[in-house]
Amino acid sequence: MRRQPASTLRTTGNQASGFPLLIDGRWCEARDGARFSAHDPYLEQDWGEIADAGPADVDAAVVSAYDAFVDQRWSGLLASERARRLLHLADLIDRNATSLIHQQIFENGKLISEMQPGLAAVAGDCRFFAGLAETLQGATVAPSRPGFTTFTLREPMGVVAAITPWNTPLGLLAWKLFPALAAGNTVVIKPSEVTPTSTLMLAELALEAGIPDGAVNVVTGPARTGAALVGHPLVAKVAFTGSTATGQAIAAQAAGHTARVTLELGGKSPNILFADADVDRAVNGVMAGIFAATGQSCMAGSRVLVHTSLFDRFCEALAERGSRMIAGDPLDAATQLGPLASRAQLQKVLGYFDIARAEGLQCLTGGLRLPHQGYFVAPTVYADVPQDSRLAREEIFGPVAVVMRFDTETQAVAMANNTRYGLAAGIWTEDLRLAHRMIHRLRAGTVWVNNYRIIGHTLPFGGYGLSGIGREMGAAALEAYTETKSVWIDMGNPVEFATGPMGDRHGL
Ligand code: NAD
């Protein structure tokens, strides 16, 4: 067993006693005492026990969040005070970065070299939304009837359910939790059953930062825990990141009580190299697009479209670089390729290798499990993959690049948009006019030109089509956690001015 760093956290840092739920500011076991195991995908070992929340636990968490919302213990604070506490939370995240980083690595095997900037971004996201808390504003609007003053207010929605996946649990929680809190909502978090403990640690820091009891709750458990949360009638909004199939099920269930939804779902994003691309830089960008995070990234550049003139040279370079990646302990700063996050994900990716063999795809490198402790597969490159191959159409969520060739710009656009997803796209060219044409023609929520997989809190992130509904991050994300209230004030003008000839002011 690897040595774990001493956690600075009190409640959730003590793994021996198991990881509890957080409901109404108190740490508690599931009512029926059920637990499930935390598993390290590098050591292939269980290492901890986590409370498995049932419907009664979920109900208690939602009621706690609802009560906290109704009595305004959080939304009733000045926005500047909410901001102050969120800034305190950001400082605590920085101060506890090592514990949080290690905890997430034990859960999903993400590399320490990726987690360090990732966690700094979590604190940065928190500061960004703290800064926005005081900017929330409605508008004074020209009245459409005489004798009235009209304006809008932005108000928090109530209880937000934040449901997160296992690939980037803290980063994707940050995109939901901080804007929801900044706008004055209360939150019930349901982290992935693969990665629950890092979220519990973050919640502990939220309590320490002065976020009131009940304003942040965490229920851990599998899909049925999430479904109990989504179906709860007191949940006003569901903010979800995960697979498209689950997102569709959540949207359907949320519709039953008209809960609002923001969905960040899957992708099959194209990374496109034109004839004039700087190939060395492009290879770096393609590597970052598909091999970073072991390909377990919603924005993975999993379809690489390459102009025929570069095709052989590019494929050779990508396969060579991929085959040289250093697989190993995610805690080692020199490691370049971590394990897949779970045995289930390993089986899924190995299944695609079988499909590739059955389809007769040309494999330039990889296509197999690495003979190594942990759920490792080799970085994999398939060349000249037909567009109707399952590997070209389906999200694999592993380090698997499918490379296809094109001859013309029109072909590149058609191939890039030949997907029902639309999360992201990359373009590699030195031709500014070509880049601008492509930016307009690609159906994707984010387009990178001569870079790939760069994100930050000031720009919105989200997808077209099967990749989701709504956007997270960017200043507008705050409004996605508010309702708009329209206000009509009758200014009490003398009655002959206030009414029309029929005394009717409604018009409806
Ligand atoms: P998943 O959909 O299986 O699970 C995501 C979360 O939803 C987990 O917490 C899970 O327990 C919960 N859940 C599952 N079924 C549920 C239900 N019926 N009701 C409520 N909750 C339910 O996804 P995953 O396997 O954890 O994550 C991988 C997926 O996430 C990939 O498809 C990837 O593309 C996607 N993803 C998208 C983005 C993005 O921003 N667009 C980012 C990261 C990951």
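Residues numbered from 1 in each chain as written. Predicted model: local features only at pLDDT ≥ 70, side-chain atom pairs only at ≥ 80, totals over all residues. Heavy atoms only, no water.

Participant: Just checking my understanding: could you explain the overall build of the protein chain for this structure?
Facilitator: A tally of helices and strands in the protein chain yields 15 helices and 20 strands. Considering only C-alpha atoms, the protein chain reaches an extent of 80 × 60 × 35 Å along its principal axes. For the protein chain, buried positions account for 55% of its 508 residues. Nonlocal contacts in the protein chain, meaning residues at least 24 apart in sequence, comprise 73% of its contacts between residues at least 6 apart. Of the roughly 20400 Å² of accessible surface on the protein chain, a fraction of 53% belongs to carbon and sulfur atoms. (Helix = DSSP H or I, 4+ residues; strand = E, 2+ residues; numbered from the N terminus. Buried < 20%, exposed > 50% of the residue type's maximum accessible area, 1.4 Å probe, protein only. Contact = heavy atoms within 4.5 Å. Areas by Shrake-Rupley, 256 points an atom, 1.4 Å probe, with all protein chains shown as cover.)

Participant: What's the story with helix α3 (residues 97-108) in this structure? I'm lost.
Facilitator: Owing to its 3.6 residues per turn, the α-helix brings residues three or four apart onto one side. The terminal C-alpha atoms of α3, which comprises 12 residues, lie 16 Å apart, in line with the 16 Å expected from a rise of 1.5 Å per residue. The element α3 is largely enclosed, with a buried count of 11 among its 12 residues. Three or more residues of α3 are buried, namely A97, S99, L100, I101, H102, Q103, Q104, I105, F106, E107 and N108. Contact partners of the buried residues in α3: β3 (35-40), β4 (45-51), α2 (79-95), α4 (112-133), α5 (169-182) and α6 (197-208). Remark: G109 follows α3 within two positions and exhibits a positive phi of approximately 70°. (Expected span 1.5 Å × (residues − 1).)

Participant: Whenever I open this one, the sheet that holds strand β20 (residues 482-490) confuses me. Can you help?
Facilitator: Pairing between sheet strands relies on hydrogen bonds along the backbone, with the strands arranged either parallel or antiparallel. Spatially, 3 strands are ordered β5-β6-β20 in an open sheet, and the strand pairing comes out antiparallel. The open sheet has two edge strands with one neighbour each: β5 (140-141) and β20. Alignment of β5 against strand β6 (residues 148-156), held across 2 bridges, turns out to be antiparallel. Within β6, the residue paired with T140 across the bridge is F151. (Pairing = 2+ DSSP bridges.)

Participant: Quick question: what am I supposed to make of the site of the ligand here?
Facilitator: Around the ligand, a shell composed of 29 residues is seen, among which K190, E193, S243, L265 and E395 lie nearest. One of the backbone nitrogen or oxygen atoms of G242 is found 3.2 Å away from an oxygen atom of the ligand. Against a free-state accessible area of 850 Å², the protein chains account for coverage of 88% of the ligand. Secondary-structure elements contributing two or more residues to the shell around the ligand are α7 (223-230), β10 (235-241) and α8 (244-255). It is α7 that provides the largest number of residues to the shell around the ligand, a total of 4 residues. Its residues assigned to classes, the shell around the ligand shows 16 nonpolar, 9 polar and 4 charged. Here the shell around the ligand gathers at least three residues from each of two domains, domain 1 (23-265) and domain 2 (270-449). (Near = heavy atom within 4 Å. Polar contact = N/O pair within 3.5 Å; in protein donor to acceptor, adjacent residues only side chain to side chain. Nonpolar A, V, L, I, M, F, W, Y, C, P; charged D, E, K, R; others polar. Domains from an automatic or database assignment.)

Participant: I'm lost on the state of the cysteines in this one. Help?
Facilitator: Note on terminology: a disulfide is the covalent bond linking the sulfur atoms of two cysteines. Counted according to the given criterion, the structure contains 0 disulfides. Cysteine C363 shares no disulfide, and the gap to the nearest cysteine sulfur, in C315, comes to 12 Å. Here C363 falls in the partly exposed class, since its relative accessible area comes to 36%. (Disulfide = S-S within 2.5 Å.)

Participant: In this structure, what is going on with the environment of A317? I would like to understand it.
Facilitator: Structurally, the position occupied by A317 is in helix α10 (residues 311-323). Through-space distance from the C-alpha of A317 to that of Q104 is 32 Å; in sequence the pair is 213 residues apart.

Participant: For this particular structure, what's the right way to read the sheet that holds strand β14 (residues 362-365)?
Facilitator: In spatial order, the strands read β14-β15-β16-β13-β12-β17-β18; together these 7 strands make up an open sheet with mixed pairing. Edge positions in the open sheet fall to β14 and β18 (446-449), since each of these has one partner strand only. In this sheet, adjacent strand axes meet at a mean angle of 25° when their direction is disregarded. As judged from the 3 bridges shared by strand β12 (residues 270-273) and strand β17 (residues 424-428), these two strands associate in the parallel manner. The partner of L273 across the bridge, within β17, is W428. (Axes fitted to C-alpha atoms, helices over the stretch in contact; angles between N-to-C directions.)

Participant: Help me understand the domain arrangement of the protein chain in this model?
Facilitator: Accessible area lost during the coming together of the parts is what is often quoted as the interface size. Domain assignment breaks the protein chain into domain 1 (23-265) and domain 2 (270-449). Look at where the C-alpha atoms of domain 1 and domain 2 centre, and you get two points 31 Å apart. On the side of domain 2, 30 residues touch domain 1, which itself brings 21 residues to the contact. Overall, the association of domain 1 and domain 2 removes approximately 1900 Å² of surface from exposure, summing both partners, and the carbon and sulfur fraction of that is 61%. For the pair domain 1 and domain 2, the number of links is 2 salt bridges. As a salt-bridge pair, E44 and R369 come within 3.4 Å of each other at their nearest N and O atoms. (Buried area = accessible area lost by both parts, 1.4 Å probe. Salt bridge = Lys/Arg side-chain N within 4 Å of Asp/Glu carboxyl O.)

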